[in-house]
Amino acid sequence: MKVILQADVKDQGKRGDLVDVSDGYARNFLLPRKLAVEATAGALNDYKSREAAKRQRAQAERENAARLSKLLKETVITVTARGGSAGRLFGSVTSREVADALKSQHNIEIDKHRIVMTEPLRTAGRHTVQVKLGYETVSSMTVDVVVDSGPAGKSSDG
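Just so it is clear, the structure is predicted and the values come from calculations on it, not from any experiment.

## Thoughts on unusual backbone geometry
Logical step 1: For Asp-11, which is not a glycine, the phi torsion comes out positive at approximately 70°.
Logical step 2: Among the secondary structure elements, Asp-11 is positioned in the loop between β1 (2-5) and β2 (18-20).
Logical step 3: Under the relative-accessibility criterion, Asp-11 is labelled exposed at 72%.
Logical step 4: Of note, the phi angle at Lys-34 is positive, near 55°, even though the residue is not glycine.
Logical step 5: Within the secondary structure, Lys-34 is located in the loop between α1 (23-30) and β3 (36-38).

Spelled out as structure tokens, the structure:
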């Protein structure tokens, strides 16, 4: 018997899947517990329309990720961090700081968890970071780290 699962069922499938199970399993377990509905003509039409909408949404998100990837490759953001005179930073530039700078400078909002830095940015200069946009789309972005040596007149000799 063909049924459409209404919830995740172990060893059968995930919610929304169309699966073929034995008649007894469907009648005695899945249907009484409302874990599935019988795949009637009306239910199949609903299933097909939901699947088409899901594919269309995924395609739109994939196109958006590709467009954003192209935009990010051309983007250079500037992050100012405290550091010494030799170009070394006192700390490091985090993915959150990169995401905030991207939002403030180019009005592009990306979750900080999507920004992948192979190593922390601890020196001044240009660095390339990877951004995972989903749907196997990974883009690179240039981050220009500028050292702010702090207020003038302060000295550590003191």
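Having put the structure on the table, let's press on.
## Some remarks on helix α2 (residues 41-73)
Logical step 1: For α2, with 33 residues, the first-to-last C-alpha span of 48 Å sits near the 48 Å given by 1.5 Å per residue.
Logical step 2: Listed in full, the buried residues belonging to α2 are Ala-43, Tyr-47, Ala-65, Leu-68, Ser-69 and Leu-72.
Logical step 3: Those residues of α2 hidden inside the fold are in contact with β1, β2, β3, α3 (95-106), β8 (125-134) and β9 (137-148).

## A look at the confidence of the model for the protein chain
Interpreting fine coordinate detail is not advised for predicted regions of low pLDDT.
Logical step 1: Counting all residues, the mean pLDDT for the protein chain is 85, and 94% of those residues have values of 70 or more.
Logical step 2: Confidence scores differ between elements of the protein chain, with strand β5 (residues 88-93) showing the lowest mean pLDDT of 83 and α1 the highest of 91.
Logical step 3: A low-confidence stretch, residues 153-158 stays under pLDDT 50, and its non-local contacts, those more than four residues away or across chains, total zero contacts.

## As for the packing of aromatic side chains
The relative placement of two aromatic rings is captured by the distance of their centres and the angle of their planes.
Logical step 1: Applying the stated criterion to the full structure yields one aromatic pair.
Logical step 2: On the numbers, 5.4 Å between centres and 15° between planes, the contact of Tyr-25 with Phe-29 is stacked. Placement of the pair is Tyr-25 and Phe-29 together in helix α1, with a separation of four residues, close to one helical turn.

What counts as what
Residues numbered from 1 in each chain as written. Predicted model: local features only at pLDDT ≥ 70, side-chain atom pairs only at ≥ 80, totals over all residues. Heavy atoms only, no water. Helix = DSSP H or I, 4+ residues; strand = E, 2+ residues; numbered from the N terminus. Buried < 20%, exposed > 50% of the residue type's maximum accessible area, 1.4 Å probe, protein only. Expected span 1.5 Å × (residues − 1). Contact = heavy atoms within 4.5 Å. pLDDT = per-residue confidence, 0-100. Phe/Tyr/Trp six-rings, centres within 6.5 Å; stacked < 30°, edge-to-face > 60°.

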